[in-house]
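Summary of structural features
Chain by chain, the residues:
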Amino acid sequence: MNETTFTFSNEQIEFLNSYRPKDDMITSIEECELVIEKLGLSKLSLRGLCECRNAVVQFYSNKRHTDCFEDMIPMMSVTAVIDHYSLGYTA
C-alpha cells in the first residue's frame, strides 16, 4: 500500500477544516480558484497533484471517524478540483 508523502502546512489544514462549497452539487469557479490557490496546485507536478489528492482523501477520511458524513462534500469538491486541474484545466 502506497502512503502519501504530501504534507499540508498549518494554513492548508485550517483551510481544509473550514472549507465547504456553497452548493453541495457544484463547486463554483471562485471555489475552484480558492482550492488551487490554498493548496498551491500550480506549483505541483503531476505526481505532486496525485500525492496531494491522496493526502486530501486521507485527511477527510481521518475526520470522518468523528464527523461522519459532513466531510464528504468538501472532500469531493476538493478532489474534483485537483482532478480537473491535473488534466490541464484551470478555473
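Everything discussed here concerns the structure shown above.
The structure reproduced in this document is the subject of the present report. (Residues numbered from 1 in each chain as written. Predicted model: local features only at pLDDT ≥ 70, side-chain atom pairs only at ≥ 80, totals over all residues. Heavy atoms only, no water.)

**Observations concerning the overall build of the protein chain**
Here is the rule we go by: Here a strand is any run of E in DSSP of at least two residues, a helix any run of H or I of at least four, and the numbering for each starts at the N terminus. Throughout this description, buried means an accessible area under 20% of the type-specific maximum (1.4 Å probe, protein chains only), exposed means over 50%, and partly exposed covers the range between. Contacts are assigned to residue pairs with any non-hydrogen atoms lying within 4.5 Å of each other. Only the protein chains shown count as cover for residues, and all accessible areas are computed by the Shrake-Rupley method using a 1.4 Å probe.
Regarding its fold elements, the protein chain presents four helices and zero strands. For the protein chain, the α and β elements follow one another from N to C terminus as α-α-α-α. Residues classed as buried in the protein chain amount to 38% of the 91 residues present. Pairs at least 24 apart in sequence give 67% of the contacts found in the protein chain among residues at least 6 apart. In the structure as shown, the protein chain presents an accessible area of about 6100 Å², 53% of it carried by carbon and sulfur atoms.

**Thoughts on the packing of helix H1 (residues 10-18) against helix H2 (residues 29-39)**
Threshold: What counts as an axis is a line fitted to C-alpha atoms, over the stretch in contact for a helix, and the angles between N-to-C directions run from 0 to 180 degrees. Small angles under 35 degrees read as roughly parallel and large ones over 145 as roughly antiparallel, with 65 to 115 read as roughly perpendicular and the rest as oblique. Side-chain classes are defined by residue name, with Ala, Val, Leu, Ile, Met, Phe, Trp, Tyr, Cys and Pro counting as nonpolar, Asp, Glu, Lys and Arg as charged, and the others, Gly among them, as polar.
Here H1 crosses H2 at 155 degrees, and the two axes come no closer than 9 Å. Between H1 and H2, the interaxial angle falls into the category roughly antiparallel. Touching Glu-11, Gln-12, Phe-15 and Leu-16 of H1 are Leu-34, Val-35, Lys-38 and Leu-39, all from H2. Per-class residue counts for the contact of H1 with H2 are five nonpolar, one polar and two charged.

**Focus on the packing of aromatic side chains**
Aromatic ring pairs are defined here through the distance separating the ring centres and the angle between the ring planes. Put simply, the test is: Two aromatic rings from Phe, Tyr or Trp, using only the six-membered ring of Trp, form a pair when their centres are within 6.5 Å; if the ring planes differ by under 30 degrees the pair is stacked, by over 60 it is edge-to-face, and anything between is tilted.
Within the structure shown, the criterion is met by four aromatic pairs. Ring centres of Phe-6 and Phe-8 lie 5.2 Å apart, and the angle between their planes is 70 degrees; on these two criteria the pair is classed as edge-to-face. A residue is classified by how much of its surface remains accessible, and Phe-6, at 17% relative accessible area, is buried. Ring centres 5.2 Å apart and planes at 85 degrees place the aromatic pair Phe-59 and Tyr-60 in the edge-to-face group. In this structure Phe-59 comes out as buried when scored by relative accessible area, which is 15%. Judged by relative accessible area, which is 0%, Tyr-60 ranks as buried. Joined through ring pairs, the aromatic side chains of Phe-6, Phe-8, Phe-59 and Tyr-60 make up one cluster.

**Describing H2**
Quick reminder of the rule: Picture the helix axis, draw a direction to every C-beta atom, and the arc is the one those directions span.
Along H2, the positions that sit buried rather than exposed are Glu-31, Cys-32, Val-35, Ile-36 and Leu-39. The buried side chains of H2 occupy one side of the element, clustering within an arc of 140 degrees when seen end-on. Exposed residues on H2 whose side chains face more than 90 degrees from its buried face are Ile-29, Glu-30 and Glu-37. Among the residues trailing H2, Gly-40 stands out with phi positive, at a value near 65 degrees.

**Points about the side chain of Glu-31**
Heads up, the rule is: Here the positive residues are Lys and Arg and the negative ones are Asp and Glu; neither His nor the chain ends is included. Just to be clear on terms, a salt bridge is a Lys or Arg side-chain nitrogen sitting within 4 Å of an Asp or Glu carboxyl oxygen. N or O atoms closer than or at 3.5 Å make up a polar contact, with two conditions inside protein: a donor-capable atom paired with an acceptor-capable one, and, for residues adjacent in sequence, both atoms drawn from side chains.
Counting through the fold element by element, Glu-31 comes out in helix H2. Although buried, Glu-31 forms no salt bridge, and the nearest oppositely charged side chain, Lys-22, lies 5.7 Å from it. Within the structure, the side chain of Glu-31 is placed 2.7 Å from the backbone nitrogen of Lys-22, a separation counted as a polar contact.

In short, geometric facts, not functional conclusions.
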